Amino acid sequence: MAVESNQLQGNVPTSLGNLSVELQTLFLGYNQLSGGFPSGIANLHNLMGLELDGNQLTGQIPEWLGALKSLQAMSLANNSFSGFIPSSLSNLSQLSELFLQSNKFEGHLPASIGNLQNLWKCSFSNNLLHGGVPKEMFGIPTIFYIDLSVNHLHGQLPYEVGNAKALTYFDLSSNMLFRDIP
């Protein structure tokens, strides 16, 4: 179901979860949707693509999102989501694309992101993340695009960055990293 780039307003109705359990894609990006994370999505167990970017959604990403085992691509970018990035996202073993940029996420980037062995593209840029860059990210064999720019990441870049043989785009600009590049 694609209802992108319209003028849809208000909260995403809970009844969204009553849609066919066979629904595989849900694209509600670039509207004027507001409120918290749509709870009806929890019932869409065959969902492979979820796009909610470019709205005015707020609050935290719920832990139950990690139970949507079929999810392959997710974009929650350009909203006002806040809080921590839930470690339950590491349960999404089929995930290949993850876009969480331009929100208000804080805390550490979970090391469990390294469990996403099919991930090839991710962006966490323009948030309030701090701490170091998790070495586990560089053990993902398929990762070729990582954007961690415009955060508050600090410390030294882990030596494991050299293990990411497929990495072709890596942006760490506008952080507080120091010391030598390994």
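Our subject is the structure listed above.
Residues numbered from 1 in each chain as written. Predicted model: local features only at pLDDT ≥ 70, side-chain atom pairs only at ≥ 80, totals over all residues. Heavy atoms only, no water.

Moving on: the sheet that holds strand β5 (residues 56-59). Taking strand neighbours across the sheet as the criterion, the eight strands line up as β1-β3-β5-β7-β9-β11-β13-β15 in an open arrangement whose pairing is parallel. The open sheet has two edge strands, β1 (9-11) and β15 (176-177), and neither has a second partner. Pairing analysis gives two bridges linking β5 to strand β7 (residues 80-83), with the strands arranged parallel. Each bridged residue has a counterpart across the sheet, and for T58 the counterpart in β7 is S80. (Pairing = 2+ DSSP bridges. Helix = DSSP H or I, 4+ residues; strand = E, 2+ residues; numbered from the N terminus.)

For the rest of this paragraph, the subject is the pairing of strand β3 (residues 32-35). As a general feature of sheets, a regular strand has side chains that alternate between the two faces. Side chains L33 and G35 project from β3 onto a buried face, and the interleaved Q32 and S34 project onto a face without burial. As judged from the three bridges shared by β1 and β3, these two strands associate in the parallel manner. Bridging from a neighbouring strand, Q9 pairs with Q32 of β3. Pairing analysis gives two bridges linking β3 to β5, with the strands arranged parallel. Across the sheet, residue S34 finds its bridge partner in β5, namely Q56. (Buried < 20%, exposed > 50% of the residue type's maximum accessible area, 1.4 Å probe, protein only.)

A word on the nonpolar core. Soluble globular proteins tend to bury their nonpolar side chains together. Ranked by internal contacts, the top residues of the largest apolar core, which has 47 residues, are I41, L50, M74 and F124. F124 has contacts with I85, L98, L100, Q101, L109, I113, L129, M137, D147, L148 and N151, leaving out every residue within four places of it along the chain. (Core = buried A, V, L, I, M, F, W, Y, C linked by side-chain atoms within 4.5 Å. Contact = heavy atoms within 4.5 Å.)

What follows deals with the sheet that holds strand β10 (residues 121-123). Pairing within the open sheet is parallel, and its seven strands lie in the order β2-β4-β6-β8-β10-β12-β14. Edge strands, defined here as strands with exactly one partner in the open sheet, are β2 (25-27) and β14 (169-171). Strand after strand, the sheet turns through a mean of 10° between neighbouring axes, direction not considered. Of the strand pairs in this sheet, strand β8 (residues 97-99) and β10 are connected by three bridges, and their pairing is parallel. When the sheet's bridge partners are listed, L98 is paired in β10 with C122. (Axes fitted to C-alpha atoms, helices over the stretch in contact; angles between N-to-C directions.)

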